[in-house]
Amino acid sequence: MVEQLNILIEESKKSYPIYFEEDFMRLPIVLKEKKIANKVLIVTDSNISPIYGEQLKELLESCGVETYLFVFKAGEKSKNLDTIESIYEQCLKHRLDRTSTLIALGGGVTGDIAGFAASTFMRGIHFVQVPTSLLAQVDSSVGGKVGVDYCGSKNIIGSFYQPELVYTNVNTLKTLPEREFLAGLAEVIKHGMIFDYDFFVYLEEKAQDILELKADALKYLVKKNCCIKAQVVQQDEKEQGLRAILNFGHTFGHAIESSMNFSLLHGECVAIGMALACKLAYTKKMITYEEFMRLVNLLKLYKLPTEIKGVDPDKIYEEMLRDKKQMNNKLKFILPTGIGKVIQTTDVTKEEIIESFKDG
Ligand code: ADP
Ligand code: ZN
């Protein structure tokens, strides 16, 4: 049975499918079905290329698709305009045109880079995402944000560009470093906490299958996450601001990320941020101690950090304010009112924030 989810893009009344598969075999078929198998440039990073890049190129070629491969050095540092220029060069060299397709094979970094190149080359060529990290499978494949960093600012140059389709092969997660996998799970837990009590329970009950990377559990998990994110993003069109709930754990998380000089992964900071936000909500009597502990225990079950030691809470608070200044608005928090339910509030004092860093 083909598992597929259709993501509707409200503004354009168009939709694109996300496929949930256990190998790459059907990719050439779906490209042909969509009539975007004319000429393909696969963009991937230096970690992923030896594992999947060559393999995918051979598969497409064996199905008669003219295919080229462009590899950039793995890491956020490559998310810049130089890499974009190198992709344009490849596009010109291999004479890609508006009937050609750019495939992003990799994590979030690859998706951002390849998507931006696809959105701008000849004012936009076909774009297909083949996400290989959990974060990219559950997060970047819905929302259409693409872009690069510039002059020290993250994602400062970019656009919204929707893919023609997303092809998720959950078995690629078997080669993803464990730390990256667990960090991706932080955003998964976030989706349960902000929107879906039953999914939160699923994560509590199926931890073993998920941690053992059982394909069925992974397919369900990735699909459910895409659904939740799509629902939030789509409802935002009607219910202005709903999208903000995706920032749960991120007000603390971003401040921790920069206070720690980016030594922790984004998902790890979000995990700590979610635990702190729950602690704050508990302090404000918005949730019970049991609910607060349920989130902490779920994070621990997935080997994620829930607290931060050796960092001055005042420093993190300053970092939050700095972020706020940059955004030119008030310090906003997404806080739970139960499991599966959150609200947005600015009604939080400095004392309450500092308090949430204390033990117990
Ligand atoms: P993100 O976490 O946003 O997806 P990256 O694109 O940088 O960020 O991916 C995280 C790291 O994991 C990178 O070093 C990338 O090369 C590596 N990676 C991504 N997918 C896989 C995979 N399936 N197997 C092995 N390494 C992978
Ligand atoms: Zn995030």
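Note that the structure is predicted; figures quoted are calculated from it, not measured.

Reading the values: rules and limits
Residues numbered from 1 in each chain as written. Chains lettered and ligands numbered in written order. Predicted model: local features only at pLDDT ≥ 70, side-chain atom pairs only at ≥ 80, totals over all residues. Heavy atoms only, no water. Axes fitted to C-alpha atoms, helices over the stretch in contact; angles between N-to-C directions. Helix = DSSP H or I, 4+ residues; strand = E, 2+ residues; numbered from the N terminus. Parallel < 35°, antiparallel > 145°, perpendicular 65-115°, else oblique. Left-handed = near helix turned anticlockwise from the far one by under 90°. Contact = heavy atoms within 4.5 Å. Buried < 20%, exposed > 50% of the residue type's maximum accessible area, 1.4 Å probe, protein only. Donors = N, O, S within 2.8 Å, 3.2 Å for Na, K, Ca; no water. Nonpolar A, V, L, I, M, F, W, Y, C, P; charged D, E, K, R; others polar. Near = heavy atom within 4 Å. Domains from an automatic or database assignment. Buried area = accessible area lost by both parts, 1.4 Å probe. Salt bridge = Lys/Arg side-chain N within 4 Å of Asp/Glu carboxyl O. Polar contact = N/O pair within 3.5 Å; in protein donor to acceptor, adjacent residues only side chain to side chain. Patch = residues over 30% accessible without salt bridge, like charges linked within 9 Å, V, L, I, M, F, W, Y side chains within 5 Å. Areas by Shrake-Rupley, 256 points an atom, 1.4 Å probe, with all protein chains shown as cover.

1. Quick notes on the packing of helix H6 (residues 178–195) against helix H9 (residues 215–235)
Two elements in contact, H6 and H9, have axes separated by 10 Å at closest approach and are oriented at 50°. Classified by the angle their axes make, H6 and H9 are oblique. Crossing hand, H6 versus H9: left-handed. Where H6 abuts H9, its residues Phe-181, Leu-185, Glu-187, Val-188, His-191 and Phe-195 lie against Leu-218, Leu-221, Asn-225, Ile-228, Lys-229, Gln-231, Val-232 and Gln-235.

2. Looking at the side chain of Thr-172
With respect to the secondary-structure elements, Thr-172 resides in the loop between strand E9 (165–169) and H6. Owing to a relative accessible area of 2%, Thr-172 belongs among the buried residues under this scheme.

3. Some details on the coordination of the zinc ion (ligand 2)
Looking at the metal site, the zinc ion (ligand 2) is ligated by Glu-187 (OE), His-250 (NE2) and His-266 (NE2), spaced 2.1 Å from it. The exposure class of His-266 is partly exposed, given its relative accessible area of 24%.

4. Details of the packing of helix H7 (residues 197–205) against H9
Between H7 and H9, the least distance of the axes is 12 Å, while the angle of their chain directions is 155°. Judged by the inter-axis angle, H7 sits roughly antiparallel to H9. Considering how the two elements wind past one another, H7 and H9 form a crossing that is left-handed. Only Ala-217, Tyr-220, Leu-221, Lys-224, Asn-225 and Ile-228 of H9 make contact with H7, whose side of the interface consists of Phe-199, Tyr-202 and Leu-203. Of the residues contributing to the contact of H7 with H9, the split by class is 7 nonpolar, 1 polar and 1 charged.

5. Some thoughts on unusual backbone geometry
A positive phi angle is found at Asn-155, which is not glycine, with a value near 50°. Positionally, Asn-155 belongs in strand E8 (residues 153–160). Backbone geometry places Phe-262, a non-glycine residue, at a positive phi of 60°. Considering the arrangement of structural elements, one finds Phe-262 in the loop between helix H10 (250–259) and helix H11 (266–283).

6. Topic: the site of ligand 1
Taken together, the neighbourhood of ligand 1 is formed by 16 residues, with Asp-45, Gly-108, Thr-132, Ser-133 and Thr-175 sitting nearest. The set of elements that each furnish at least two residues to the shell around ligand 1 consists of helix H2 (48–62) and helix H4 (108–120). A per-element tally of the shell around ligand 1 places H2 first, with 3 residues. The residue inventory of the shell around ligand 1, partitioned by class, reads 7 nonpolar, 7 polar and 2 charged.

7. Some thoughts on the domain arrangement of the protein chain
It is common to give the size of an interface as the accessible area lost on bringing the parts into contact. Taken domain by domain, the protein chain holds domain 1 (3–174) and domain 2 (178–356). Measuring from the centre of the C-alpha atoms in domain 1 to the corresponding centre in domain 2 gives 27 Å. It is Phe-20, Leu-134 and Val-138 in domain 1 that bury the most area against domain 2; as a group they hold 26% of the surface buried on that side. Summed over the shared surface of domain 1 and domain 2, the number is 2 salt bridges. Its salt-bridge partner being Glu-22, residue Lys-219 comes within 3.1 Å of it at the nearest N-O pair. Our enumeration of links across domain 1 and domain 2 arrives at 3 residue pairs in polar contact (both at pLDDT 80 or more).

8. Looking at a nonpolar patch on the surface
Where nonpolar side chains cluster on the molecular surface, the patch consists of Leu-81, Tyr-150 and Ile-156 and spans about 280 Å² of accessible area. By secondary structure assignment, the location of Tyr-150 is in strand E7 (residues 145–150).

9. Here's the deal with the side chain of Thr-44
Along the chain, the position of Thr-44 falls in strand E3 (residues 39–45). In contact with Thr-44, not counting residues within four places along its chain, are Ser-49, Leu-69, Phe-70, Val-71, Phe-72, Leu-105 and Thr-110.

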